[in-house]
Amino acid sequence: MKTASTHLDGSDVLSGHALDLGYDGRRISEGLDVVIPPGSFTAIIGPNACGKSTLLRALSRLLKPTSGHVDLDGRDIHGYRTRDVARRLALLPQQSTAPDGITVSDLVARGRFPHQGILRQFSDTDKAKVAEAMAATGVSELADRAVAELSGGQRQRVWLALALAQDTPVLLLDEPTTFLDIAHQLEVLRLCRRLHLTGNYTLVTVLHDLSLAFRYADHVIAMKDGRIVAEGPPSRIATPAIMREVYGIECVVITDPATGGPLVVPLEPDGVSLSVPADSLQVPA
Amino acid sequence: MNALRITAAPRTLAVGIALAAATALLGVLAMQTGTIKFSFTDVMAAVFGLSDNPQAGMVIHRIRLPRTVTAIGVGLCLGAAGATFQSISRNALGSPDIIGFTTGAATGAVAQIILFNAGPAATAVAAIVGGLLAAAVVYALSVRGGVSGGYRLILVGIGIGALLGAVNTLLLLKGNEDMALQAQMWLSGSLAARTWEHAVPVAVAVVLLLPVLMVQGRSLGLLEMGDDVARALGVRVEASRLTSMAAAVGLTAVATAAVGPIAFVALAAPQLAARLTRSVQVPMGTGALMGAALMVACDLLTQRLPIAVHVPIGLMTGLVGGCYLLWLVTRSRSI
């Protein structure tokens, strides 16, 4: 199992210890312990309001735990200057607003803010990192377009480029596929997978779509009611028992004919048949 | 200045230089104007203390230079304050004269004149106190869960502004006629008879607070993308916002104390600057310079217009700034 893996010096990249999380006195998680395996592509799954995004916000220091602590590179994340965190960890939040009239390249360039200072402004390194981020997300040819004119999928890739331009070893993505059609969902997750395979990133994403989570992530954290129910590689999480516990659904898990990974197929209650003739299921050879 | 490499976009830099040049030129033109007319060289010589014309030296140094310096300083203050609050509220209406700070300063000044009548220095102090108090109340009422800014700031500010406006009218009605007239004059804003006593505090505020806002400008730009994005990028969100607001409120209060409430410069200057630079950065420097140019231009107009009535600067800024903004907005396709 990969969960136990650590940095060479024995410290975790990103972990939460005995976290109490909530908003305005509304408690969401209690005593939560979580370790993000270094170098992993971790997906956090679970039903609505189970505390996935809250956990991600805590891991990205946007939410301060009422007790417990999040450690980044072995130190309490709230002990860093916020700019130093921004050099180690980037976040793609669920909601963001592009300023009126901003172009793609200007927006992505803002990702270099944590590396700049009053005395050190936009440098050649910054320029190179911005170009790299735009190339990786395939938005280079959109550079001079206004962000507001772009399609939803293009816009999401631009925001992802902004996070990439930050050039951090840890990348957190809060529901990066929301509002996207299937083609754009695949595009974004394939990009994440490519980044993961380079070995330079630890990715953590909150995902709603189980088939995408099990398909692209190599580590899955399943949550319910603010607790972590199970964590591990997709093959160990995608089981009828865990799906029943987490979502309250009955399912069978079959082998994804396209990838060989697990595929969760929900069952209808009381064995109702949806009367799909078996021979209408087309599986490419 | 090689270590400090401020890389502004070329267009922004050009607009900044052009505005600074225009301000200087208009300032000299304004200093030529008055009961005694001076030539361009007379003014230049007097400003740099090289004048062999003792009359010019005295008039320029004692009367016209402090007036022009006050105008420029107030313009810089209001332009930068406007840019700050428009960015924080993400709204062009979020300028200090709309969200109650200028009205608060006026309340302080009017209350001092009507209730205590302790002279111009006390009026200036009362205006600063009034402006700061109004800002503190607006902030306290608009902050929610440790987060300020946005639409809420504007709504609360407009509410406080309306309330204080009513208080001002009540105070005017309560005072005797002399005091009420004096207060009314203060309320229309004026550069007349401004001496170094007025110019120096404004200049000090500009020197101390404008650099703070110039530095915060980039953080404010990131804050326009939402608190989460800004924080993820390493902006100390609430600290940055509070610092900027405090500096902008300080500039507004000091400017208002010096010349009374000035209409429209804080609202129009950053908008005009943003349209000229076509930049998405917060127009902090260019907004301030545009404010200065507007103020000096209006001062020049009030003195040179061939009409018998004396037009206070506060009215002229409303006229000129309003027309310029309307012209610019109606001829551009985007908002």
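Structure's up top.
Enquirer: What is the right way to read the overall build of chain A from this model?
Expert: Scanning chain A from N- to C-terminus turns up 9 helices and 12 strands. By residue count, 51% of the 285 residues in chain A fall in the buried class. Of the contacts formed within chain A by residues at least 6 apart in sequence, a portion of 64% connects residues at least 24 apart. Of the roughly 13300 Å² of accessible surface on chain A, 52% is carried by carbon and sulfur atoms.

Enquirer: So what exactly am I meant to see when it comes to the sheet that holds strand 8 (residues 202-206) of chain A here?
Expert: Paired through their backbone hydrogen bonds, the strands of a sheet run either parallel or antiparallel. Residue and element names in this part refer to chain A. Spatial strand order, 6-7-8-3-9-10: 6 strands in an open sheet with mixed pairing. Because the sheet does not close on itself, it has two edges, and the strands there are strand 6 (89-92) and strand 10 (227-232). Between one strand axis and the next, the sheet turns through 15° on average, direction left out of account. As paired strands, strand 7 (residues 170-174) and strand 8 are joined by 5 bridges and run parallel to one another. Across the sheet, residue Asp-174 finds its bridge partner in strand 8, namely Val-206. Contacting strand 3 (41-45), strand 6, strand 7, strand 8 and strand 9 (219-224), helix 1 (residues 52-59) runs over the sheet at an angle of about 150° to strand 7. In the packing of helix 6 (residues 182-197) onto the sheet, contacts are made with strand 3, strand 7 and strand 8, and the angle to strand 3 comes to roughly 140°.

Enquirer: Got a minute to help me understand the interface of chain B and chain A in this structure?
Expert: The parts lose accessible area when they come together, and the size of an interface is often stated as this lost area. Counting from both sides, the interface comprises 22 residues of chain B and, opposite them, 32 residues of chain A. With both sides pooled, the region where chain B packs onto chain A buries about 2300 Å², and carbon together with sulfur makes up 57% of that total. The interface formed by chain B and chain A holds 1 salt bridge in total. Applying the counting rule to chain B against chain A returns 8 residue pairs in polar contact (both at pLDDT 80 or more). Listed by contribution, the elements that provide at least two residues to the side of chain B that touches chain A are helix 8 (196-223) and helix 9 (227-232) of chain B. Among the elements that line the side of chain B that touches chain A, the one with the most residues is helix 8 of chain B, at 5 residues. When grouped by side-chain class, the residues that make up the side of chain B that touches chain A number 11 nonpolar, 5 polar and 6 charged.

Enquirer: Looking at this structure, how should I read the sheet that holds strand 4 (residues 67-72) of chain A?
Expert: Residue and element names in this part refer to chain A. The 4 strands are arranged 2-1-4-5 in an open sheet whose pairing can be described as antiparallel. With one partner strand each, in any of the chains shown, strand 2 (26-36) and strand 5 (75-76) form the two edges of the open sheet. Where strand 1 (residues 14-23) lies against strand 4, 5 bridges are found, and the strand directions are antiparallel. Residue pairing for strand 4: Leu-14 is matched across the bridge by Leu-72. Running at roughly 120° to strand 1, helix 1 makes contact with strand 1, strand 2 and strand 4 of the sheet.

Enquirer: Help me out: how do you make sense of helix 3 (residues 54-88) of chain B in this one?
Expert: Turn by turn, an α-helix covers 3.6 residues, leaving residues three or four places apart pointing in a common direction. Residue and element names in this part refer to chain B. With 35 residues, helix 3 ought to run about 51 Å at 1.5 Å a step, and its terminal C-alpha atoms sit 49 Å apart, in line with that. At Ile-60, helix 3 shows its maximal bend, which comes to roughly 45°. Helix 3 sits mainly inside the fold: 27 of its 35 residues count as buried. The first or second residue beyond helix 3 is Arg-90, which carries a positive phi of 50°.

Enquirer: Please clarify how the pattern of salt bridges should be interpreted in this entry.
Expert: Side chains carrying opposite charge are able to pair once their charged atoms draw close together. For the structure shown, the criterion picks out 15 salt bridges over all chains. Arg-112 of chain A is the partner of Asp-126 of chain A in a salt bridge, and the nearest nitrogen-oxygen pair spans 2.8 Å. With Asp-126 of chain A in helix 4 (residues 124-136) and Arg-112 of chain A in the loop between helix 3 (104-109) and helix 4, this residue pair connects regions lying 14 residues apart in the sequence. The two residues Asp-126 of chain A and Arg-112 of chain A agree in class, both being buried. Asp-227 of chain B is the salt-bridge partner of Arg-241 of chain B, the closest N and O atoms lying 3.0 Å from each other.

Enquirer: Got a minute to help me understand the packing of aromatic side chains in this structure?
Expert: By convention here, two paired aromatic rings are described through the distance between centres and the angle between planes. Under the definition given, this model contains 1 aromatic pair over all chains. Note on Phe-85 of chain B and Phe-101 of chain B: the rings are 4.9 Å apart at their centroids and 70° apart in plane angle, and the pair reads as edge-to-face. Taken together, the residues Phe-85 of chain B in helix 3 and Phe-101 of chain B in helix 4 (residues 101-116) connect sequence positions 16 residues apart. The ring of Tyr-80 of chain A carries the charged tip of Arg-75 of chain A above its face, separated from the ring centre by 4.2 Å.

Enquirer: Even after reading the chapter, I still don't get the side chain of Ser-244 of chain B, so can you show me in this structure?
Expert: Relative to the helices and strands, Ser-244 of chain B resides in helix 10 (residues 237-259). Note on Ser-244 of chain B: relative accessible area 0%, which makes it buried.

Enquirer: Can you help me understand unusual backbone geometry in this one?
Expert: Glycine aside, negative phi is the norm for most residues, and most peptide bonds take the trans geometry. A positive phi angle, close to 50°, is found at Asp-73 of chain A, a residue other than glycine. Inspection of the secondary structure puts Asp-73 of chain A in the loop between strand 4 and strand 5. Within the chain, Arg-278 of chain B stands out as a residue other than glycine whose phi angle is a positive 55°. Looking at the secondary structure, you find Arg-278 of chain B in the loop between helix 11 (265-277) and helix 12 (284-304).

Enquirer: Looking at this structure, how should I read the packing of helix 8 of chain B against helix 12 of chain B?
Expert: The axes of two packed helices give the description: the angle between them and the distance between them. Residue and element names in this part refer to chain B. Contact geometry for helix 8 and helix 12: axes closest at 9 Å, N-to-C directions at 135°. Viewed along their axes, helix 8 and helix 12 adopt a mutual orientation that is oblique. In this structure, helix 8 uses Leu-210, Leu-213, Met-214, Gly-217 and Leu-220 to contact helix 12, whose residues at the interface are Met-284, Gly-285 and Ala-288. The residue makeup of the contact of helix 8 with helix 12, split by class, is 6 nonpolar, 2 polar and no charged.

What counts and how
- Residue positions are given per chain, counted from 1 along the sequence in the order it is written.
- The order in which chains are written sets their letters, starting at A; the order in which ligands are written sets their numbers, starting at 1.
- Reporting in this predicted model follows two pLDDT cut-offs: at least 70 for local features of residues, and 80 or more for side-chain atom pairs to be given and counted; totals over whole chains, interfaces and linings ignore these cut-offs and use all residues.
- Derived side-chain values reflect all non-hydrogen atoms in the structure, with water molecules and hydrogen atoms excluded from consideration.
- Strands are runs of DSSP state E lasting at least two residues, helices are runs of H or I lasting at least four, and both sets are numbered from the N terminus onward.
- Relative accessibility decides the category of a residue: with a 1.4 Å probe and only protein chains considered, values under 20% of the type maximum give buried, values over 50% give exposed, and everything between is partly exposed.
- Here a residue-residue contact requires only that any non-hydrogen atoms of the pair lie within 4.5 Å.
- Working definition of accessibility: Shrake-Rupley area with a 1.4 Å probe, residue cover restricted to the visible protein chains.
- DSSP-based pairing: two strands are paired if at least 2 bridges between them are found.
- To get an axis, fit a line to the C-alpha atoms, keeping to the stretch in contact for a helix; angles then go from 0 to 180 degrees between the N-to-C directions.
- Summed over both partners, the accessible area (1.4 Å probe) lost when two parts come together is defined as the buried area.
- In the sections that follow, a salt bridge refers to a side-chain nitrogen of Lys or Arg positioned within 4 Å of a carboxyl oxygen of Asp or Glu.
- Polar contact is the term for a pair of N or O atoms within 3.5 Å; when the atoms are in protein, one must be able to donate a hydrogen and the other to accept it, and sequence-neighboring residues count only if both atoms are side-chain atoms.
- Throughout this entry, Asp, Glu, Lys and Arg are counted as charged residues, while Ala, Val, Leu, Ile, Met, Phe, Trp, Tyr, Cys and Pro are counted as nonpolar. The remaining residues, Gly among them, count as polar.
- In this scheme, a helix's expected span is set at 1.5 Å multiplied by one less than its residue total.
- At any given residue, the bend is defined as the angle formed between two axes, one fitted to the seven residues that end at that position and one fitted to the seven that begin there.
- Put simply, two rings from Phe, Tyr or Trp (the six-membered ring, in Trp's case) pair if the centres are within 6.5 Å, and we call them stacked under 30 degrees between planes, edge-to-face over 60, tilted for the rest.
- Two conditions define a charge sitting above a ring: the NZ of Lys or the CZ of Arg must be within 6 Å of the ring centre, and it must be within 35 degrees of the ring normal.
- Throughout this description, any angle smaller than 35 degrees is read as roughly parallel, any larger than 145 degrees as roughly antiparallel, any in the 65 to 115 degree range as roughly perpendicular, and the remainder as oblique.

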